Amino acid sequence: MTEKIDYGSTRTVTNIYEAEFLPYDMEGTVQDDMSYIPLTINKDGNQMGAYVIRMEPGAETIAHTHRWNEDYLILEGDLIEPDGRVLGPGDFVHYDQGTYHNSRTETGCFLIGVDWGKS
(Lines give C-alpha, C1' and ligand atoms only; values in the text may rest on other atoms or scores of the structure.)
Protein backbone atom coordinates (compact mmCIF):
# COMPACT_ATOMS: atom_id res chain seq x y z
CA MET A 1 0.00 0.00 0.00
CA THR A 2 1.40 3.43 -0.95
CA GLU A 3 0.18 6.41 1.03
CA LYS A 4 0.87 10.13 1.26
CA ILE A 5 2.42 11.35 4.49
CA ASP A 6 3.27 14.80 5.82
CA TYR A 7 5.68 17.01 3.87
CA GLY A 8 4.53 15.68 0.48
CA SER A 9 6.35 12.34 0.83
CA THR A 10 4.98 8.87 0.25
CA ARG A 11 5.58 5.59 1.95
CA THR A 12 4.83 2.02 0.94
CA VAL A 13 3.80 -0.52 3.54
CA THR A 14 3.96 -4.23 2.70
CA ASN A 15 3.12 -6.93 5.20
CA ILE A 16 5.49 -9.77 4.24
CA TYR A 17 3.26 -12.33 5.98
CA GLU A 18 0.20 -11.33 3.92
CA ALA A 19 1.62 -10.24 0.53
CA GLU A 20 1.46 -12.45 -2.56
CA PHE A 21 4.65 -14.31 -3.43
CA LEU A 22 5.79 -14.46 -7.06
CA PRO A 23 7.70 -17.24 -8.82
CA TYR A 24 11.41 -16.78 -8.02
CA ASP A 25 13.41 -15.76 -11.10
CA MET A 26 16.10 -13.43 -9.74
CA GLU A 27 18.87 -15.49 -11.43
CA GLY A 28 16.94 -15.45 -14.74
CA THR A 29 15.41 -18.94 -14.49
CA VAL A 30 12.20 -19.67 -12.60
CA GLN A 31 12.87 -21.97 -9.66
CA ASP A 32 9.69 -23.81 -8.66
CA ASP A 33 10.82 -24.49 -5.09
CA MET A 34 11.36 -20.80 -4.34
CA SER A 35 9.19 -17.66 -4.37
CA TYR A 36 9.69 -14.00 -3.54
CA ILE A 37 8.13 -10.62 -2.89
CA PRO A 38 9.90 -7.74 -4.68
CA LEU A 39 9.58 -5.01 -2.04
CA THR A 40 11.56 -2.18 -3.67
CA ILE A 41 13.58 -4.07 -6.27
CA ASN A 42 13.71 -2.39 -9.67
CA LYS A 43 13.43 -5.23 -12.21
CA ASP A 44 13.30 -2.81 -15.16
CA GLY A 45 16.62 -1.20 -14.38
CA ASN A 46 19.59 -2.15 -12.24
CA GLN A 47 17.71 -4.73 -10.10
CA MET A 48 18.81 -3.17 -6.83
CA GLY A 49 16.44 -3.06 -3.89
CA ALA A 50 14.80 -5.11 -1.16
CA TYR A 51 13.00 -8.44 -1.45
CA VAL A 52 11.72 -11.36 0.61
CA ILE A 53 12.52 -14.94 -0.40
CA ARG A 54 10.82 -18.16 0.69
CA MET A 55 12.72 -21.37 -0.07
CA GLU A 56 10.95 -24.71 0.28
CA PRO A 57 12.78 -27.57 2.06
CA GLY A 58 15.58 -28.86 -0.19
CA ALA A 59 15.70 -25.73 -2.40
CA GLU A 60 19.02 -24.46 -3.73
CA THR A 61 19.80 -21.18 -5.47
CA ILE A 62 21.52 -21.17 -8.84
CA ALA A 63 25.19 -20.24 -8.40
CA HIS A 64 25.60 -16.58 -9.34
CA THR A 65 27.93 -13.59 -9.22
CA HIS A 66 26.59 -10.53 -7.45
CA ARG A 67 26.36 -7.37 -9.55
CA TRP A 68 25.88 -5.41 -6.31
CA ASN A 69 26.47 -5.82 -2.60
CA GLU A 70 23.98 -8.20 -1.04
CA ASP A 71 22.74 -8.22 2.55
CA TYR A 72 20.23 -10.65 3.95
CA LEU A 73 18.67 -11.53 7.29
CA ILE A 74 17.36 -15.02 8.01
CA LEU A 75 13.89 -14.78 9.56
CA GLU A 76 12.94 -18.49 9.68
CA GLY A 77 14.54 -21.84 8.88
CA ASP A 78 18.08 -22.66 7.82
CA LEU A 79 20.35 -21.56 4.98
CA ILE A 80 23.53 -23.47 4.18
CA GLU A 81 26.39 -21.63 2.51
CA PRO A 82 28.85 -23.29 0.06
CA ASP A 83 31.49 -23.64 2.79
CA GLY A 84 29.02 -25.64 4.94
CA ARG A 85 28.18 -22.79 7.35
CA VAL A 86 24.61 -23.24 8.57
CA LEU A 87 22.76 -19.98 9.14
CA GLY A 88 19.57 -19.59 11.15
CA PRO A 89 17.06 -17.03 12.40
CA GLY A 90 18.75 -13.76 13.31
CA ASP A 91 21.86 -14.35 11.19
CA PHE A 92 22.71 -11.33 9.03
CA VAL A 93 25.00 -11.87 6.02
CA HIS A 94 26.82 -9.40 3.77
CA TYR A 95 28.39 -10.31 0.41
CA ASP A 96 30.54 -7.83 -1.51
CA GLN A 97 29.82 -6.99 -5.13
CA GLY A 98 31.45 -9.60 -7.39
CA THR A 99 31.03 -12.48 -4.91
CA TYR A 100 30.20 -15.84 -6.53
CA HIS A 101 28.10 -18.23 -4.43
CA ASN A 102 24.92 -20.18 -3.98
CA SER A 103 22.91 -21.26 -0.94
CA ARG A 104 20.65 -24.17 -0.06
CA THR A 105 18.25 -25.15 2.69
CA GLU A 106 17.29 -28.46 4.25
CA THR A 107 14.27 -27.39 6.32
CA GLY A 108 13.15 -24.33 4.32
CA CYS A 109 14.12 -20.69 4.69
CA PHE A 110 12.45 -17.30 4.86
CA LEU A 111 14.71 -14.26 4.50
CA ILE A 112 14.72 -10.58 3.65
CA GLY A 113 17.48 -9.34 1.35
CA VAL A 114 18.76 -6.10 -0.14
CA ASP A 115 20.96 -5.69 -3.22
CA TRP A 116 22.64 -2.29 -3.14
CA GLY A 117 25.61 -0.29 -4.35
CA LYS A 118 26.65 2.30 -6.92
CA SER A 119 25.27 1.85 -10.40
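Preceding block: the structure.
Since the structure is predicted, the reported quantities are computational estimates derived from the model, not experimental observations.

A. A look at the nonpolar core. Ranked by internal contacts, the top residues of the largest apolar core, which has 17 residues, are Met26, Ile53, Met55, Tyr72, Ile74, Leu79 and Leu111. Among the elements of the structure, β4 (31-38), β5 (49-55), β7 (69-77), β10 (92-95) and β12 (109-116) are those that each provide at least two residues to this core. Looking at this core element by element, the count peaks at three residues for β5.

B. Summary view of the pattern of salt bridges. In this structure the tally under the stated criterion is two salt bridges. Between glutamate 76 and arginine 54 there is a salt bridge whose closest N-O contact spans 3.9 Å. Remark: arginine 54 occurs in strand β5 and glutamate 76 occurs in strand β7; sequence separation between them is 22 residues. Arginine 104 serves as the salt-bridge partner of glutamate 106, at 3.5 Å between the closest nitrogen and oxygen. Judged by its relative accessible area of 35%, arginine 104 is partly exposed.

C. Examining the packing of aromatic side chains more closely. In the structure shown here, the tally under the stated rule is four aromatic pairs. Seen from their ring centres, tyrosine 17 and phenylalanine 110 are 5.7 Å apart, and the 50° between their planes marks the pair as tilted. One end of the pair, tyrosine 17, is in the loop between β2 (10-12) and β3 (22-24); the other, phenylalanine 110, is in strand β12, with 93 residues separating them in the sequence. The class for phenylalanine 110 is buried, based on a relative accessible area of 0%. On the basis of an interplanar angle of 50° and a centroid distance of 6.1 Å, the ring pair of phenylalanine 21 and phenylalanine 110 is categorised as tilted. Remark: phenylalanine 110 occurs in strand β12 and phenylalanine 21 occurs in the loop between β2 and β3; sequence separation between them is 89 residues. Using a relative accessible area of 24% as the deciding quantity, one classes phenylalanine 21 as partly exposed. Each member of the aromatic cluster is reached from another via a ring pair, and the members are Tyr17, Phe21 and Phe110. Its end group placed over the ring of phenylalanine 110, arginine 54 keeps NZ or CZ at 4.1 Å from the ring centre.

D. Region of the structure containing the pairing of β7. Pairing of β7 with β12, which is carried by eight bridges, proceeds in the antiparallel orientation. Looking at the pairing, leucine 73 lines up with isoleucine 112 of β12. Examined bridge by bridge, β7 and β10 share four bridges and lie antiparallel to one another. Among the inter-strand pairings, aspartate 71 is bridged to a residue of β10, identified as histidine 94.

What counts as what
Residues numbered from 1 in each chain as written. Predicted model: local features only at pLDDT ≥ 70, side-chain atom pairs only at ≥ 80, totals over all residues. Heavy atoms only, no water. Core = buried A, V, L, I, M, F, W, Y, C linked by side-chain atoms within 4.5 Å. Buried < 20%, exposed > 50% of the residue type's maximum accessible area, 1.4 Å probe, protein only. Helix = DSSP H or I, 4+ residues; strand = E, 2+ residues; numbered from the N terminus. Salt bridge = Lys/Arg side-chain N within 4 Å of Asp/Glu carboxyl O. Phe/Tyr/Trp six-rings, centres within 6.5 Å; stacked < 30°, edge-to-face > 60°. Lys NZ or Arg CZ within 6 Å of the ring centre and 35° of its normal. Pairing = 2+ DSSP bridges.

Interpretation note: all reported values are geometric properties and have no functional meaning in isolation.
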